[in-house]
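Results of the structural survey
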Amino acid sequence: MKRLWRAVYWNLLYPLHRAMQVRRAAAGDAKKLRALKLVEPYTMVGLPRLLNAYELVERAEAKGLHGAIVECGVFKGGSAAMMTMASSPQRKVWLFDSFEGLPEPTVEDGEKAMDYSGHRVTGALEPIGQCVGPLDVVKELFFDKLQIDAARLEIRQGWFQETLPTAKHEIGPIAVLRLDGDWYDSTKVCLENLYDLVIAGGFVIIDDYGYWEGCRRAVDEFLAARKLSVELHVVDDSGVWFEVGGTR
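The sections below set out a description of the structure shown in this document. As the structure is a computational prediction, the values presented were derived from the model and not from experiment.

A word on empty space enclosed by the protein
- Counting across every chain of the model gives one cavity of 30 Å³ or more.
- Lining of the largest cavity is provided by Pro103, Glu104, Gly123, Leu125, Gln161, Trp183, Asp185 and Ser186.
- A per-class count over the lining of the largest cavity returns three nonpolar, three polar and two charged.

Here we look at the packing of aromatic side chains
- This structure, assessed with the given rule, holds eight aromatic pairs.
- With 4.9 Å between their ring centres and 70° between their planes, Trp183 and Trp212 make a pair best called edge-to-face. Placement of the pair is Trp183 in the loop between strand E4 (174-179) and helix H8 (184-194) and Trp212 in the loop between strand E5 (198-206) and helix H9 (213-226), with a sequence separation of 29 residues. For the pair Trp183 and Trp212, one class covers both residues: buried.
- Judged by centre distance (5.4 Å) and plane angle (70°), the ring pair of Tyr195 and Phe222 falls under edge-to-face. Of this pair, Tyr195 sits in the loop between H8 and E5 while Phe222 sits in helix H9, and the two are 27 residues apart along the sequence.
- On the accessibility criterion, Tyr195 (3% relative accessible area) is buried.
- Put simply, the rings of Tyr116, Trp183, Tyr211 and Trp212 pair up and form one aromatic cluster.
- Of note, Lys112 hangs over the ring of Tyr211, and the distance from its end group to the ring centre comes to 3.7 Å.
- When the ring centre of Trp212 is taken as origin, the NZ or CZ atom of Lys112, which lies over that ring, is 5.4 Å away.

With respect to the pairing of E5
- Most of E5 sits out of view: eight of its nine residues are buried.
- As paired elements, E4 and E5 share five bridges and run parallel to each other. Paired with Leu177 across the bridge in E5 is Val204.
- Considered for its hand, the β-α-β crossover made up of E4, H8 and E5 is right-handed.

Notes on the layout of surface pockets
- As a volume, the largest pocket reaches approximately 540 Å³.
- Met44, Cys131, Asp180, Asp182 and Asp208 are, among the 35 residues lining the largest pocket, the residues nearest its centre.
- Grouping the constituent residues of the lining of the largest pocket by class yields 14 nonpolar, twelve polar and nine charged.

What about the sheet that holds strand E2 (residues 93-97)?
- The seven strands are arranged E3-E2-E1-E4-E5-E7-E6 in an open sheet whose pairing can be described as mixed. Across the chains shown, the open sheet's two edge strands, defined by having one partner strand only, are strand E3 (153-157) and strand E6 (233-234).
- The sheet contact formed by E2 and E3 spans five bridges and is parallel. Residue Val93 lies in a different strand from E3, and its bridge partner there is Leu153.
- Most of the contacts of helix H4 (residues 78-86) go to strand E1 (residues 68-72), to which it runs at about 170°, and overall it touches E1, E2 and E4.

Digging into unusual backbone geometry
- A positive phi angle, near 60°, is found at Phe99, a position not held by glycine.
- Looking at where Phe99 falls in the secondary structure, it is placed in the loop between E2 and helix H5 (110-116).
- Backbone geometry at Cys131 places phi at a positive 60°, although glycine is not the residue there.
- For Cys131, the position within the fold is in the loop between H5 and helix H6 (135-145).
- Owing to a relative accessible area of 22%, Cys131 belongs among the partly exposed residues under this scheme.

Remarks on the pattern of salt bridges
- A complete count under the given rule lists 15 salt bridges for this structure.
- For Glu243, the salt bridge identified is with Lys63, shortest N-O distance 3.0 Å. A residue pair is termed long-range when its members are at least 10 positions apart, and Glu243 in strand E7 (residues 240-243) and Lys63 in the loop between helix H3 (47-62) and E1 qualify at 180 residues.
- Taking relative accessible area as the criterion, Glu243 reaches 33% and is therefore assigned partly exposed.
- Here Glu71 ties to Arg178 by a salt bridge, and the two come within 2.7 Å at their closest N and O atoms.

Here is what the cut-offs are and how they apply
Residues numbered from 1 in each chain as written. Predicted model: local features only at pLDDT ≥ 70, side-chain atom pairs only at ≥ 80, totals over all residues. Heavy atoms only, no water. 1 Å grid on protein atoms, 1.4 Å probe; cavity = no way out; pocket = protein on both sides within 12 Å on 5 of 7 lines; lining within 4 Å. Points joined across faces, edges and corners; volume = space filled by probe spheres on them. Nonpolar A, V, L, I, M, F, W, Y, C, P; charged D, E, K, R; others polar. Phe/Tyr/Trp six-rings, centres within 6.5 Å; stacked < 30°, edge-to-face > 60°. Helix = DSSP H or I, 4+ residues; strand = E, 2+ residues; numbered from the N terminus. Buried < 20%, exposed > 50% of the residue type's maximum accessible area, 1.4 Å probe, protein only. Lys NZ or Arg CZ within 6 Å of the ring centre and 35° of its normal. Pairing = 2+ DSSP bridges. Right-handed = clockwise from strand over helix to strand, strands pointing away. Contact = heavy atoms within 4.5 Å. Axes fitted to C-alpha atoms, helices over the stretch in contact; angles between N-to-C directions. Salt bridge = Lys/Arg side-chain N within 4 Å of Asp/Glu carboxyl O.

Written out as structure tokens, the structure is:
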């Protein structure tokens with residue numbers, strides 16, 4: 001009987017409940033509803049954070065901010081696709097990921113990360129078999145589903161430590177920077193290489209601040225070291241974002 005109930009729930013009740021949640025989240029916005037439905041098979045990110053990413057890009061457009069959308073930690077492309085669908089067709093999109101999953105964490109990432117990685121905590125740039133989003137799946141979403149102009153999209157495959165030091169000289173100004181690298185080292189290298197490219201009034205989204213200890217520590221240490229006073233806006237129990245102040 002329990003097995004039958006589980007089958008009924010996952011195959012009938014849950015899809016109906018999820019569809020209602022998505023419609024409620026879109027709040028009558030047809031474009032937003034289409035985006036949410038389209039990206040659902042390509043993301044592990046919850047509705048509040050998907051909507052936050054979409055709406056911050058909308059704000060960047062409304063403010064007339066120049067610069068690219070940059071995401072580090074793409075998985076299957078769902079969050080990046082949400083941001084792309086909220087942006088003008090002229091805005092460049094940069095995606096960075098190993099497309100092999102997460103690397104090993106370090107002791108800076110805490111016990112939960114240690115358990116998640118199977119107690120592999122040397123920080124080696126080797127996949128641990130978690131959060132794997134194949135590049136072919138991302139291309140399917142952007143080119144087949146969204147039909148994005150290939151000239152608009154720049155995908156860099158590899159570990160952040162290897163790709164960002166070179167790419168930062170090519171990207172130019174950034175309007176919206178979304179970081180979803182989970183670990184301390186991954187988050188730190190993204191901030192160190194890309195933060196200075198975010199224009200005044202631009203937005204930085206940290207997907208894992210409330211969930212992974214190492215991510216939170218990397219962000220807090222970076223802000224403290226730079227003496228940056230920012231207001232961290234809480235999206236849900238994991239995600240936060242802030243607006244970059246000052247003049248650049």
